[in-house]
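Here are the chains, one letter per residue:
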Amino acid sequence: MKAYLTRRYRFSASHRLHSDAMSADENQAVYGKCNNAHGHGHNYALEVTVAGPVDQKTGMVCNLADLDAFVNDHILDRFDHQNLNTLVEFGETVPTTENLCVALYNLLQKGFRHATIERVRMEETMFNSFEYAGGREIHA
Amino acid sequence: MVYLTRKAEFSASHFYHNPELSGEENRRIFGKCNNPNGHGHNYTLEVTVKGQVDNRSGFVVDLKQLKEIMLREVIDVLDHRFLNKEIPEFKDLIPTTENLAISIWNRLHSKLNVARLHRVRVYETPDLFVDYYGEA
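Small disclaimer: the values here were computed from a predicted structure and weren't measured. (Residues numbered from 1 in each chain as written. Chains lettered and ligands numbered in written order. Predicted model: local features only at pLDDT ≥ 70, side-chain atom pairs only at ≥ 80, totals over all residues. Heavy atoms only, no water.)

Visitor: Teacher, can you tell me more about the overall build of chain A here?
Guide: When you go through chain A residue by residue, the secondary structure sums to three helices and five strands. The order of helices and strands in chain A, counted from the N terminus, is β-α-β-α-β-α-β-β. Counting only C-alpha atoms, chain A reaches 60 × 30 × 25 Å along its principal axes. Residues counted as buried form 44% of the 140 residues belonging to chain A. The long-range fraction of contacts in chain A, counting pairs at least 24 apart against all pairs at least 6 apart in sequence, stands at 67%. Of the roughly 7,500 Å² of accessible surface on chain A, 50% is carried by carbon and sulfur atoms. (Helix = DSSP H or I, 4+ residues; strand = E, 2+ residues; numbered from the N terminus. Buried < 20%, exposed > 50% of the residue type's maximum accessible area, 1.4 Å probe, protein only. Contact = heavy atoms within 4.5 Å. Areas by Shrake-Rupley, 256 points an atom, 1.4 Å probe, with all protein chains shown as cover.)

Visitor: How should I be thinking about the interface of chain B and chain A in this particular structure?
Guide: How big an interface is tends to be stated in terms of the accessible area lost upon association of its parts. Contacts between the two partners involve 19 residues from chain B and, on the opposite side, 24 residues from chain A. For the pair chain B and chain A, the summed buried area comes to about 1,900 Å², and 49% of that belongs to carbon and sulfur atoms. Broken down residue by residue, the surface that chain B buries against chain A is led by Tyr-3, Arg-56 and Phe-59 of chain B, which jointly contribute 32%. On the surface where chain B and chain A come into contact, there are two salt bridges. (Buried area = accessible area lost by both parts, 1.4 Å probe. Salt bridge = Lys/Arg side-chain N within 4 Å of Asp/Glu carboxyl O.)

Visitor: Would you take a moment to explain the side chain of Asn-128 of chain A for this structure?
Guide: With respect to the secondary-structure elements, Asn-128 of chain A resides in strand β5 (residues 128-132). Setting aside residues no more than four positions away along its own chain, Asn-128 of chain A makes contact with Met-122 and Glu-123 of chain A together with Thr-5, Arg-6 and Leu-63 of chain B.

Visitor: I would appreciate a short explanation of the layout of surface pockets in the present structure.
Guide: A probe matching the size of a water molecule, rolled over the atoms, marks out where space remains unfilled. Volume-wise, the largest pocket comes out at about 600 Å³. Around the largest pocket, the lining is made up of 24 residues, and of these Tyr-31, Lys-33 and Cys-34 of chain A together with Leu-63 and Lys-64 of chain B lie nearest the centre. Every element with two or more residues in the lining of the largest pocket is listed here: α1 (24-31), β2 (40-53), α3 (97-111), β4 (116-125) and β5 of chain A together with α2 (63-78) of chain B. Looking at the lining of the largest pocket residue by residue, the classes come out as nine nonpolar, eight polar and seven charged. The calculated volume of the second largest pocket comes to roughly 320 Å³. (1 Å grid on protein atoms, 1.4 Å probe; cavity = no way out; pocket = protein on both sides within 12 Å on 5 of 7 lines; lining within 4 Å. Points joined across faces, edges and corners; volume = space filled by probe spheres on them. Nonpolar A, V, L, I, M, F, W, Y, C, P; charged D, E, K, R; others polar.)

Visitor: Looking at this structure, how should I read the confidence of the model for chain B?
Guide: In low-pLDDT segments, the atomic positions of the prediction should not be examined closely. All names here are of chain B. Summing up the model confidence of chain B, the mean pLDDT is 94 and the portion of residues at 70 or higher is 99%. Across chain B, the secondary-structure element scoring lowest on mean pLDDT is strand β5 (residues 128-132), at 93, and the one scoring highest is helix α4 (residues 97-109), at 96. For this predicted complex, the interface confidence score (ipTM) comes to 0.74, while the overall pTM stands at 0.83. (pLDDT = per-residue confidence, 0-100.)

Rendered as structure tokens:
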């Protein structure tokens, strides 16, 4: 019996959207205000969805304590109150929330051993959010 | 494949009435929503598009463009309107949240050249929403 569990986390970080592959004018045209050289910040919400059979013994898909510990150690401690552009994940890629969502999915998928990572959803503001499921289609 | 969702809000009035049914049947099926003077909601629209992340920009879609399309095709058209009286498709179609989601999908679908439309979600109230994924 497969079930899905989603846990929500929050962190705040700054970023600047700028690509070295584009001219200053192009950067301005593509990224607008987000290209501001000094960067700007967001309160991000991260939703991690794990999937798996409900364990007969515990009644759980995944022990939330394990998920919290992993997210705290590998994501919140590293990303909260940081400038995303300075992190190793964004050495080569622009820290758009699309790329942030993919980076966090990959980090969880590689490191988290207690359940299957189904999907990562990131809210950048109240009005936009992003989802990534390792390239798989997301159905409902 | 990355999915991006943009939210927008509009307010509109409507009432539910099927002229093929008797007054009594209309009242029974639609209850308070059958009041011909209409009533209003603060709607929240969520539009989800999907696509590959562009290598150069890191974007699935230019959010500004998506915002403008949503504003032009949906919000400017529906906001502060009486749906039954002012929106052509609801002249003969009951403006339920189901039909509203389908109507918004149709309004956006042909205009979105930048990414593929995945889902239209319309909240009528914070406790009630409808999802439409287009015809399968």
